[in-house]
Amino acid sequence: MTTRVIKNIGELTTNDPTVGTGATGRLHDAAMVIDDAHVLWVGPNAQAPAADEMIDAQESAVIPGFVDSHTHLVFAGERSGEFEARMSGTPYDGGGISNTVASTRAASSDELRRSTEKRLRELRGGGATTVEIKSGYALNVEGESRLIDIANEFSDEVTFLGAHVVPEEYARDREGYVDLVRGSMLATCAPKSKWADVFCDQGAFDVDESRAILTAAKSAGLQLRVHGNQLGTTGGVALAVAMDAASVDHCTFLSDDDVDQLCASQTVATLLPGADFSTRADYSSARRLRDRGAIVALATDCNPGTSYVTSMPFVLAIAVRDMRMDFDDALWSATRGGAAALRRDDVGHLGVGARADVVILDAPRAVHLAYRPGTSIVRRVIVAEGNWSSASWSSRAHGTIDDA
Ligand code: NIG
Ligand code: FE
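A quick note: this is a predicted structure, and the numbers were derived from the prediction, not measured. (Residues numbered from 1 in each chain as written. Chains lettered and ligands numbered in written order. Predicted model: local features only at pLDDT ≥ 70, side-chain atom pairs only at ≥ 80, totals over all residues. Heavy atoms only, no water.)

Engineer: Is there a simple way to explain the overall build of the chain in this structure?
Structural biologist: The helix and strand inventory of the chain stands at 14 helices and 17 strands. For 404 residues, the compact-globule formula gives about 22 Å, and the C-alpha radius of gyration of the chain, at 20 Å, lands near that figure. Judged by the C-alpha coordinates and their principal axes, the chain covers about 70 × 45 × 40 Å. Looking at the chain residue by residue over its 404 residues, the buried ones come to 59%. (Helix = DSSP H or I, 4+ residues; strand = E, 2+ residues; numbered from the N terminus. Rg over C-alpha atoms; globule rule 2.2 N^0.38 Å. Buried < 20%, exposed > 50% of the residue type's maximum accessible area, 1.4 Å probe, protein only.)

Next up, the structure:
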């Protein structure tokens, strides 16, 4: 294993309060030592130990790699026409999902693999080093299984989302589709997934249908996450909390009771500013959640319908500007909060023993990520060995990207 010392860090965010100041565990004039997999040492620059190699951060800010805990990266086609219609007033209702289902079913596996890898490279260029990937654009047994296989080539955080919407061929037999998802589709996909997700909202699945699918998924050994309260106060949050889901995502519409329930639980409220942006929704109330003590994560929700976003810095900028989050809170939510949403404690921070996923910025302070929107200030992304899934992508994915 090669050891590397990163010296002359102007501002280091560790997210480890035992290492530095506040929840962000911040240090100034700092250094850190990593090997190919882990953080070995963090401390004052003047005390930095020697290592095999030296990286000079040139007084720039350094942060943990972003943990993007919610993406739908495996799909074909695009839906820019829907985006244009929304900008002229057409509301989002999930109806366009069927277009992506049609193009994804028709695409070859190589085509899907190539476009997934391209989007993943974009994400990583913006500093994301852990990325969850959902299925959900095939909605039949063979197709969902194929999307899960492709997702597994790129990530260890793979989510089965057979319950995205009821596909057209089951429009007159919703119950039949719910039975398919919790029956043979789940049996095929569960062994190669870590998570199950359900879109519990208007136009998708109601609370009873969602509960039935999540219950079956839990029995099949999957951990749970929920798309909830994107289009209304539809009960998704309460269901997610009751079922101890790791995360409930969107949370655009929240009742006081939803907020109370989230605060009394370990279920993370994952906010998706890109989706609110691209559907012209009111921004989720991050402030209300944070002030009352809920755990908040921020993610891209990259998908062709509501959020064709592959930039965590863009997500941060909106969270700060339009969701009124303090920058440090937003940065924590995009790193350690994302890790909490994936029930991981080895990523999202740079304490000793954490995975060596490190982002060096071309800026003296991390707040430049929100202060300079639209400009890439990610200078270098270091990805720990083994942090991406086992297939060929892994060997190509590990290492350092300069001037990402
Ligand atoms: O997270 N809302 C449900 N699923 C996706 C959008 C899917 C689509 O429109 O293609 C989301 O926003
Ligand atoms: Fe989503």
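Engineer: Would you mind showing me how to read the site of ligand 1 here?
Structural biologist: Around ligand 1, a shell composed of 15 residues is seen, among which Arg79, Tyr92, Tyr137, Gln230 and Thr306 lie nearest. Burial of ligand 1 by the protein chains amounts to 100% of its free accessible area of 330 Å². Tallied by class, residues from the shell around ligand 1 come to 4 nonpolar, 9 polar and 2 charged. (Near = heavy atom within 4 Å. Areas by Shrake-Rupley, 256 points an atom, 1.4 Å probe, with all protein chains shown as cover. Nonpolar A, V, L, I, M, F, W, Y, C, P; charged D, E, K, R; others polar.)

Engineer: I keep staring at the coordination of the iron ion (ligand 2) and nothing clicks. Help me out?
Structural biologist: For a metal with four tetrahedral donors the ideal donor-metal-donor angle is 109.5 degrees, whereas six octahedral donors ideally subtend 90 or 180 degrees. Those protein atoms acting as donors to the iron ion (ligand 2) are His70 (NE2), His72 (NE2), His227 (NE2) and Asp301 (OD), and they sit at 2.0 to 2.3 Å. His227 gets classed as buried once you look at its relative accessible area, which sits at 3%. (Donors = N, O, S within 2.8 Å, 3.2 Å for Na, K, Ca; no water.)

Engineer: Looking at this structure, how should I read the nonpolar core?
Structural biologist: In terms of nonpolar packing, the biggest core is built from 92 residues, with Phe66, Phe205, Leu262, Leu289, Leu298, Leu316 and Leu361 touching the most fellow members. Broken down by element, the residue count for this core peaks at 7 residues, all from helix H5 (residues 174-189). If you count residues domain by domain, this core takes at least three from each of domain 1 (4-65 + 348-403) and domain 2 (66-341). The contacts of Leu361, once residues within four sequence positions are left out, are Ser60, Ala61, Ile63, Ala366, Leu369, Ile377, Val378 and Arg379. Core analysis: the second largest hydrophobic core is formed by 19 residues, Leu12, Leu350, Ala356 and Ile360 among them. (Core = buried A, V, L, I, M, F, W, Y, C linked by side-chain atoms within 4.5 Å. Domains from an automatic or database assignment. Contact = heavy atoms within 4.5 Å.)

Engineer: Explain the side chain of Ser69 here, please?
Structural biologist: Residue position: Ser69 is located in the loop between strand S6 (66-68) and helix H1 (80-87). Judged by relative accessible area, Ser69 falls into the buried class, the value being 0%. Residues within four places of Ser69 in sequence aside, it is in contact with Glu132, Arg225, Thr270, Ala297, Ala299, Gly338, Ala341 and Leu342.

Engineer: Even after reading the chapter, I still don't get the packing of aromatic side chains, so can you show me in this structure?
Structural biologist: Given two aromatic rings, one states the distance between the centres and the angle between the planes to describe the pair. Enumeration over the complete set of coordinates arrives at 5 aromatic pairs. Ring geometry for Tyr177 against Phe205: centres 6.4 Å apart, planes inclined by 25 degrees, an arrangement best described as stacked. Separated by 28 residues along the polypeptide, Tyr177 in helix H5 and Phe205 in the loop between strand S10 (195-200) and helix H6 (207-219) bring together distant segments of the chain. Residues Tyr177 and Phe205 agree in their burial class; the two are buried. Lying across the ring of Phe75, Arg119 places its NZ or CZ 3.6 Å from the centre. In this structure, Arg174 packs its charged tip against the face of Phe205, placed 5.9 Å from the ring centre. (Phe/Tyr/Trp six-rings, centres within 6.5 Å; stacked < 30°, edge-to-face > 60°. Lys NZ or Arg CZ within 6 Å of the ring centre and 35° of its normal.)

Engineer: How should unusual backbone geometry be read in this particular structure?
Structural biologist: Peptide bonds are, in most cases, trans, and in most cases residues other than glycine have a negative phi. Located in the positive-phi region is Glu59, a residue other than glycine, with phi close to 70 degrees. Its identity as a non-glycine residue notwithstanding, Arg343 has a phi of 50 degrees, on the positive side. With respect to the helices, strands and loops of the structure, Arg343 is situated in the loop between helix H12 (327-341) and strand S15 (358-361). On the basis of relative accessibility, which here comes to 38%, the residue Arg343 falls in the partly exposed class.

Engineer: What am I meant to see in the sheet that holds S10 here?
Structural biologist: In any sheet, the strands associate via hydrogen bonds between backbone groups, in a parallel or an antiparallel arrangement. The 7 strands are arranged S8-S9-S10-S11-S12-S13-S14 in an open sheet whose pairing can be described as parallel. Edge positions in the open sheet fall to strand S8 (133-134) and strand S14 (296-298), since each of these has one partner strand only. Bridge analysis of S8 against strand S9 (residues 158-163) gives 2 bridges, and the strand direction is parallel. By the bridge assignment, Lys134 is partnered in S9 with Thr159. Set on the sheet, H12 makes contact with S10, strand S11 (223-228), strand S12 (247-250), strand S13 (268-271) and S14; between it and S14 the angle comes to about 100 degrees. (Pairing = 2+ DSSP bridges. Axes fitted to C-alpha atoms, helices over the stretch in contact; angles between N-to-C directions.)

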